[in-house]
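Tertiary structure, described
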Amino acid sequence: NASKNVSSQVSPFLSLAVTYIVACVISFALYFLLTKDTNIWEDIKKINWASIILGIVLVGLEAGYIYMYRAGWEISKGSLVANVTVAVILIVIGILVYKEHITFKQAIGIALCLGGIVLINTK
């Protein structure tokens, strides 16, 4: 995981800025290479709030990983705990915001995931 190898001598947010500049350049290049009849100004007008929220969430997640590893988390445990936690949060958002339904089996799976987080983090 590259987040674990980010230099501790640099601000995590400068590192993320460089990361997202690289991602931005690649994304624009792919946009122009893969989109037929490109009209970037028309396409920009179609972008909604979700892209902005996604950007905020991505920075938060990536900064969280960097800080988690700087705090000494092992890569195997930290990544697992973070991913399961994000999945459970997304389930809650899906239920509350998008009115999704979960089955009894899925609820048991969620409970097992949460139990796994507890077991992983107990000494």
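For clarity, every value in this text was computed on a predicted model and none was experimentally measured.

**Considering the overall build of the protein**
Along its length, the protein carries five helices and zero strands. Starting at the N terminus and walking to the C terminus, you meet the elements of the protein as α-α-α-α-α. If you line up the protein on its principal axes, its C-alpha atoms span 55 × 45 × 20 Å. Across the 123 residues of the protein, 16% fall into the buried class. Counted over contacts in the protein with a minimum sequence separation of 6, partners at least 24 positions apart contribute 65%. Total accessible area on the protein is roughly 9,400 Å²; 71% of this is exposed by carbon and sulfur atoms. Distance from the positive charge centre (9 side chains) to the negative charge centre (6 side chains) of the protein: 10 Å.

**Some details on the side chain of Ser15**
Inspection of the secondary structure puts Ser15 in helix 1 (residues 12–34). According to the relative accessible area criterion, Ser15 is buried, its value standing at 16%.

Conventions used here
- Residues numbered from 1 in each chain as written.
- Predicted model: local features only at pLDDT ≥ 70, side-chain atom pairs only at ≥ 80, totals over all residues.
- Heavy atoms only, no water.
- Helix = DSSP H or I, 4+ residues; strand = E, 2+ residues; numbered from the N terminus.
- Buried < 20%, exposed > 50% of the residue type's maximum accessible area, 1.4 Å probe, protein only.
- Contact = heavy atoms within 4.5 Å.
- Areas by Shrake-Rupley, 256 points an atom, 1.4 Å probe, with all protein chains shown as cover.
- Lys, Arg positive; Asp, Glu negative; His and termini not counted.
- Charge placed at Lys NZ, Arg CZ, Asp CG, Glu CD.

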